[in-house]
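Structure assessment
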Amino acid sequence: MVAIALGALGGWLFASLRLPLPWMLGSMTACTVAAILRVPIGAPAVVRPPMTMVIGVMLGTGFTSQTLGSIATWGSTIIGLAGFIIVSGAACVTYFRRIAGFDVPTAFFAGMPGGLVEMVILGEHKGGDAGKIALVHSARVLLVVLTLPFLMQLMSGVSLGARPQVGLSVVDAPWTSHAWLLLSVAAGAIIGHILRLPARLLLGPMMVSAAVHTLGWTHFVPSYEIVNVAQVVLGTTIGCRFAGTSPSEIVRILVLSLGSTFILLLITFLFATGISHSSAYSFVPLALAYSPGGLAEMSLVALSLGIDVAFVATHHIIRVVFVMIGAGPAFTILERR
């Protein structure tokens, strides 16, 4: 509960300062600082799963009947995403090998723009340092999420509100809204388990919510108090990933990750600029779709900017799947050479 309290305090402070996505970024910052100062905090294991499912349901509300028609126009952006994965992966692997001095397996799986859990498991299996890989990916998400909202706000000229565009208060929302939320969470958890989805607690509820909104069965949106609590838990979880690690190691990984984050964002912006000339999407949604932050975090930024959440979320899911499928065979080829 100490971590949640710190996260809530950080969120309240960021909200008071009217900073972008305050409840997520504030809790993330507060818990990262606490980890560096060796405050005894731990990830909120009990409340994290239900709050992850709430975020999934909220992201699913960004899908509409128009989404299905838009998918046909995503061909060039998905091809661009594949190119982005190859270029950014090669650049970051080289960076961690040559500049950071990591061994080959650790550098390879630390540099891949994929999901944290998948890269740690694959990296450890191939002989890499699981601790370093986990810290690098945690730092990548942390730094991208901390910097990209401000950059997008600066580039787009659109202010990110104090909270994403979500529903009414818990008190004012109709009972049907809460019923749809509970139904989406329960059905999503079951479907995610049956289909063995990656990040099933997020993707399962998101799929169910997306389906009922796309079919026009409901237009409910989770109440903003519930969403704010979910963001605090999400941000706290990211910050707590550094707990138990020596301050010097955290600072070292953060400094190294600053370099890799700069490389990733530079490549993201170059690809977003290039693909914007051959697709129906402009620079900002493409930058959010390609950015190597987390699926939930980048989708929340898109929601706050009023950008097509379905477009951003789908591209992040494809990125994670591409890397998860391709990283193992690519490393095998690299080993042989």
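Preceding this section is the structure that the text describes.
Reading the values: rules and limits
Residues numbered from 1 in each chain as written. Predicted model: local features only at pLDDT ≥ 70, side-chain atom pairs only at ≥ 80, totals over all residues. Heavy atoms only, no water. 1 Å grid on protein atoms, 1.4 Å probe; cavity = no way out; pocket = protein on both sides within 12 Å on 5 of 7 lines; lining within 4 Å. Points joined across faces, edges and corners; volume = space filled by probe spheres on them. Helix = DSSP H or I, 4+ residues; strand = E, 2+ residues; numbered from the N terminus. Nonpolar A, V, L, I, M, F, W, Y, C, P; charged D, E, K, R; others polar. Salt bridge = Lys/Arg side-chain N within 4 Å of Asp/Glu carboxyl O. Buried < 20%, exposed > 50% of the residue type's maximum accessible area, 1.4 Å probe, protein only. Core = buried A, V, L, I, M, F, W, Y, C linked by side-chain atoms within 4.5 Å. Contact = heavy atoms within 4.5 Å. Expected span 1.5 Å × (residues − 1). Patch = residues over 30% accessible without salt bridge, like charges linked within 9 Å, V, L, I, M, F, W, Y side chains within 5 Å. Areas by Shrake-Rupley, 256 points an atom, 1.4 Å probe, with all protein chains shown as cover. Axes fitted to C-alpha atoms, helices over the stretch in contact; angles between N-to-C directions. Parallel < 35°, antiparallel > 145°, perpendicular 65-115°, else oblique. Left-handed = near helix turned anticlockwise from the far one by under 90°. Phe/Tyr/Trp six-rings, centres within 6.5 Å; stacked < 30°, edge-to-face > 60°. Disulfide = S-S within 2.5 Å.

Considering the layout of surface pockets
Roughly 970 Å³ of internal volume is contained in the largest pocket. Of all the elements in the fold, those that place two or more residues in the lining of the largest pocket are α3 (48-60), α7 (116-125), α8 (130-156), α10 (200-214), α11 (224-240), α14 (295-305) and α15 (309-336). Residue contributions to the lining of the largest pocket peak at 6 residues, all from α11. Across the lining of the largest pocket, the residue classes tally to 22 nonpolar, 8 polar and 7 charged. One number sums up the size of the second largest pocket: a volume of about 460 Å³. If you trace the second largest pocket, you find 20 residues lining it, with V93, F108, M112, A330 and L334 closest to the centre. At the level of elements, α5 (75-98), α6 (104-111) and α15 are the ones that each hand at least two residues to the lining of the second largest pocket. Residues that form the lining of the second largest pocket fall into these classes: 14 nonpolar, 3 polar and 3 charged.

Observations regarding the pattern of salt bridges
Any two side chains of opposite charge can pair if their charged atoms end up close together. Going through the model one piece at a time under the given rule, you end up with 1 salt bridge. Salt-bridge contacts for R252 lead to E249; the nearest nitrogen and oxygen are separated by 3.9 Å. Of this pair, R252 and E249 both sit in helix α12 (residues 247-276), 3 residues apart, roughly one helical turn. Using a relative accessible area of 34% as the deciding quantity, one classes R252 as partly exposed.

Notes on the nonpolar core
Counting residues in hydrophobic clusters, the biggest one holds 88 residues, and the most contacted among them are F96, M152 and L288. For L288, the contacting residues outside a window of four places in its chain are L148, M152, M298, V301, A302, L305, I307, V312 and H316.

Things to note about empty space enclosed by the protein
Tallied over the full model, the rule gives 1 cavity of 30 Å³ or more. Taken as a whole, the largest cavity spans an internal volume of roughly 50 Å³. Lining the largest cavity, in full, are C92, F96, A110, G111, M112, P113, V136, R140, S260 and L264. When contributions to the lining of the largest cavity are tallied by element, the ones reaching two or more residues are α5, α6, α8 and α12. A per-class count over the lining of the largest cavity returns 7 nonpolar, 2 polar and 1 charged.

Structural notes on α10
The end-to-end C-alpha distance of α10, which contains 15 residues, comes to 20 Å, matching closely the 21 Å that a straight helix rising 1.5 Å per residue would cover. Burial of α10 is extensive: 11 of the 15 residues sit out of reach of the surface. Every buried residue of α10 is accounted for by L202, L203, G204, P205, M206, V208, S209, A210, V212, H213 and T214.

Observations concerning a nonpolar patch on the surface
Residues I190, I191, I194, L195 and M207 make up a contiguous nonpolar surface patch of roughly 470 Å² in combined accessible area. The element contributing the most residues to the nonpolar patch is helix α9 (residues 175-195), with 4 residues. Relative accessible area serves as the criterion here: at 53%, I190 is assigned to the exposed category.

Concerning the environment of L202
Structurally, L202 can be placed in helix α10. On a C-alpha basis, the gap between L202 and R319 in space is 16 Å, while along the polypeptide they are 117 residues apart. Among all residues touching L202, those that are not within four sequence positions of it are T52, I55, G56, L59, L295 and A296.

Some words on the packing of α9 against α10
At a minimum axis distance of 7 Å, the contact between α9 and α10 shows a crossing angle of 125°. Taken together, the axes of α9 and α10 are oblique relative to one another. Where α9 crosses over α10, the two elements pack in a sense that is right-handed. For the pair α9 and α10, the contacting residues are W180, S184, V185, A187, G188, A189, I191, G192, H193 and L195 in the first and R200, G204, P205, M207, V208, S209 and V212 in the second.

Concerning the packing of aromatic side chains
A full pass over the atoms with the stated rule returns 10 aromatic pairs. Judged by centre distance (6.1 Å) and plane angle (80°), the ring pair of F84 and F271 falls under edge-to-face. Note that F84 is positioned in helix α5 and F271 in helix α12, a separation of 187 residues in sequence. Its relative accessible area of 21% is what places F271 among the partly exposed residues. When the centroid spacing of 5.5 Å and the interplanar angle of 5° are considered together, the rings of F96 and F102 count as stacked. Looking at F96, the relative accessible area reads 1%, which means it is buried. Aromatic ring contacts, followed pair by pair, group W74, Y281 and F311 into a single cluster.

Considerations on the state of the cysteines
Here the structure, examined in full by the defined rule, presents 0 disulfides. C31 takes part in no disulfide bond, and the closest cysteine sulfur, belonging to C240, lies 4.4 Å away.

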